Amino acid sequence: MSDSSAPRRVETDASVRFRLPIYEGPLDLLLHLLKRAELDPHDVTASVITEQYLAWLELLDQLNLDVAGEYLVMAATLLLIKSFAMLPHPELADTEEAEELKRDLVERLLEYQRYREAADKLASRAILGRDVFTTPGEPVPVDENARQFTATIFDLVEAMGAVLKRVADKTPRGIVLRDIPVAECIPRIMSALDGVSRIEFTALFDDASDRSIVIATFMALLELIRRREVRAFQEARFGPIYLERATAPSADAPA
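So, here is what we can say about the structure in this document. (Residues numbered from 1 in each chain as written. Predicted model: local features only at pLDDT ≥ 70, side-chain atom pairs only at ≥ 80, totals over all residues. Heavy atoms only, no water.)

**Thoughts on the pattern of salt bridges**
Applicable threshold: The rule for a salt bridge is simple: a side-chain nitrogen of Lys or Arg has to be within 4 Å of a carboxyl oxygen of Asp or Glu. In this text, helices come from DSSP runs of H or I with a minimum length of four residues, and strands from runs of E with a minimum of two, each type numbered from the N-terminal end. Between buried and exposed lies partly exposed: a residue is buried under 20% and exposed over 50% of the maximum accessible area for its type, with that area taken using a 1.4 Å probe on protein chains only.
The final tally for this structure, using the stated rule, is nine salt bridges. Here aspartate 155 and arginine 237 are joined by a salt bridge, their closest N and O atoms 3.2 Å apart. Highlighted residues: aspartate 155 in helix α5 (residues 153-170) and arginine 237 in the loop between β7 (230-234) and β8 (241-245), separated in sequence by 82 residues. Residue class for arginine 237 comes out partly exposed when judged on its relative accessible area of 33%. Close ionic contact of arginine 245 with aspartate 194 constitutes a salt bridge, the shortest N to O distance being 2.7 Å. Of this pair, arginine 245 sits in strand β8 while aspartate 194 sits in the loop between α6 (185-192) and β6 (199-200), and the two are 51 residues apart along the sequence. By relative accessible area, arginine 245 is classed as partly exposed at 38%. A relative accessible area of 45% places aspartate 194 in the partly exposed class. Residues joined in a network through salt bridges with shared partners are Glu223, Arg226, Arg227 and Glu229.

**Things to note about the pairing of β8**
Note the threshold: By definition, two strands form a pair when at least two bridges between them are found by DSSP.
Of all five residues in β8, four are buried; the element is thus mostly enclosed. Pairing of β6 with β8 involves two bridges; the strand directions are antiparallel. Paired with isoleucine 199 across the bridge in β8 is leucine 243. In this sheet, β8 lies alongside β7 in antiparallel orientation, the contact comprising five bridges. Counterpart to alanine 232 in the pairing with β8 is leucine 243. Taking the residues that link successive antiparallel strands as the turn, the β7-β8 hairpin has six residues, and the phi of phenylalanine 238 there is positive, at about 70°.

**Focus on helix α7 (residues 211-226)**
Three or four residues apart is the spacing at which side chains of an α-helix point the same way, because the helix has 3.6 residues per turn. We apply this condition: A helix is expected to span 1.5 Å for every residue after the first.
Taking 1.5 Å per residue as the helical rise, α7 with its 16 residues ought to reach 22 Å, and the 22 Å between its terminal C-alpha atoms agrees with that figure. Most of α7 sits inside the fold, with twelve of its 16 residues counted as buried. Considered for burial, the residues of α7 that qualify are Ser212, Val214, Ile215, Ala216, Thr217, Phe218, Met219, Ala220, Leu221, Leu222, Glu223 and Leu224. One or two positions beyond α7, positive phi appears at arginine 228, with a value near 60°.

The structure is reproduced here in structure tokens:
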């Protein structure tokens, strides 16, 4: 997704691509898929993970989203390891190369997982200047957001996959996709959030009748999340995604 302030459009031309802001990398995606499948990092080369990883990249292509080359490098690594596992390789050097690739990937995942867990623990600690001190006997305020999980880009893209499938199932064949300015979708999203505490992610697309509107709305939502004007969260990990207006828009958000 581009950071340009110029209005962007979703067009029928397949050459029109949007750069996805990379807040997470391929290791984050692999950890996401492993957690969803309830697998251990040592199982990263399981066929189901490779298939889901490739399906995720294919979904990005359907959304006209580009990702960094490191995602493609990881896909090639997974496919190479899978090929060694599925096809006979009588040469010892080939077998050793496959095992070394797998060991290296597992070690990187385990190290990165430890890093992420440590970062999450640090982020959850109360900052001294923001601590709330109560008098004896006074109930401690309950933070409603404490039980919420911030929806990642992976959660959002997967949710979009379900929306796209639903739209495709009811879209007549031969329909001509329209040229939709992404900027026009932003007011509609903000209007949907007016007067309510939150809405479910899928509610944004209840009236969507074609792929162009769905993609343009999704691009607009990513832009609002990037600008911290909208927050996407889940009440249970991998559960439904909810949207709400952010309490404090980012300082660098356009006026």
